[in-house]
Amino acid sequence: MTRTWLIVLGAGGSAALLLGAWGFQHIAGLAPCKMCIWQRWPHGAAMLIGPLALIFAGSLLPLMGAASALITAAIGVYHTGVERAWWEGPASCTSGSIEGLTPQELLAQITAAPVVQCDQVAWQMLGLSMASWNAVLSLTFAVFWSLAAIKSRP
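Nothing here was measured: the structure is a model prediction, and the numbers come from that model.

Re the packing of helix H2 (residues 34-55) against helix H3 (residues 60-83)
Step number 1: Contact pair H2 / H3: the axes reach a minimum separation of 9 Å and the direction vectors enclose 165°. Our classification of the angle between H2 and H3 gives roughly antiparallel. As for the relative orientation of H2 and H3, their crossing is left-handed in sense. Mapping the contact onto sequence places Met 35, Cys 36, Trp 38, Gln 39, Pro 42, His 43, Ala 45, Ala 46, Ile 49, Leu 52 and Ala 53 in H2 and Leu 61, Pro 62, Met 64, Gly 65, Ser 68, Ile 71, Thr 72, Ile 75, Gly 76, Tyr 78, His 79 and Val 82 in H3.
Step number 2: Among the residues making up the contact of H2 with H3, the classes are represented as 16 nonpolar, seven polar and no charged.

Here it is, written out as structure tokens:
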């Protein structure tokens, strides 16, 4: 596969995932949580890096694309762990424990909580949540970007 196609697959894959996320949000009505939004930013970066990597030679831009894909994959793995209760997520994004709270503290926690919790799975396919799919597909995009970087070397 050529360097050009690898870059197109890496950046285009990020564009497809970002468009899919916006579709779930604006068409299907699934509001994103805080970590869902975090996963979108590296895809946006990859979309900007892609055209630049097609214009300019060298391996730096494809390596930046790979880094973007790995960052969103890492956030996706972290988010998956929060969804599956493997570890706690950010306090501002998860329901957390209510043990030992007074009724007033519980009410304050409820009213301060975001509408969409990061530890709740809004959609899944084949047993994997959107965060999990993001991680799997983004790792694939990182491979494309890395191969493009290898092909960019003289």
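Once you've had a look at it, read on.
Observations regarding helix H1 (residues 3-26)
Step number 1: An ideal rise of 1.5 Å per residue puts 34 Å on 24 residues; H1 measures up with 34 Å between its terminal C-alpha atoms.
Step number 2: All of the buried residues in H1 are Arg 3, Leu 6, Ile 7, Gly 10, Ala 11, Gly 13, Ser 14, Ala 15, Leu 18, Ala 21 and Gly 23.
Step number 3: Check the buried side of H1 and you find it contacts H2, H3 and helix H5 (130-152).

Considering the nonpolar core
Step number 1: In this structure, Ile 7, Ala 53, Ala 69, Phe 141 and Trp 145 are the most contacted members of the largest nonpolar core, which totals 14 residues.
Step number 2: Taken together, the elements giving at least two residues each to this core come down to H1, H2, H3 and H5.
Step number 3: Sort the elements by how many residues they give to this core and H5 lands first, with five residues.
Step number 4: Ignoring sequence-local partners within four residues, the contact set of Ile 7 consists of Gly 12, Gly 50, Ala 53, Leu 54, Pro 62, Trp 145 and Ala 148.
Step number 5: Residues Cys 33, Met 35, Val 82 and Cys 93 belong to the second largest nonpolar core, which totals five residues.

A short note on unusual backbone geometry
Step number 1: Of note, the phi angle at Ala 85 is positive, near 60°, even though the residue is not glycine.
Step number 2: Within the secondary structure, Ala 85 sits in the loop between H3 and helix H4 (103-112).
Step number 3: With a phi close to 55°, Leu 126 is a non-glycine residue in the positive phi region.
Step number 4: Examined against the element boundaries, Leu 126 turns out to sit in the loop between strand E1 (124-125) and strand E2 (128-129).
Step number 5: Under the relative-accessibility criterion, Leu 126 is labelled exposed at 76%.

Thresholds applied
Residues numbered from 1 in each chain as written. Predicted model: local features only at pLDDT ≥ 70, side-chain atom pairs only at ≥ 80, totals over all residues. Heavy atoms only, no water. Axes fitted to C-alpha atoms, helices over the stretch in contact; angles between N-to-C directions. Helix = DSSP H or I, 4+ residues; strand = E, 2+ residues; numbered from the N terminus. Parallel < 35°, antiparallel > 145°, perpendicular 65-115°, else oblique. Left-handed = near helix turned anticlockwise from the far one by under 90°. Contact = heavy atoms within 4.5 Å. Nonpolar A, V, L, I, M, F, W, Y, C, P; charged D, E, K, R; others polar. Expected span 1.5 Å × (residues − 1). Buried < 20%, exposed > 50% of the residue type's maximum accessible area, 1.4 Å probe, protein only. Core = buried A, V, L, I, M, F, W, Y, C linked by side-chain atoms within 4.5 Å.

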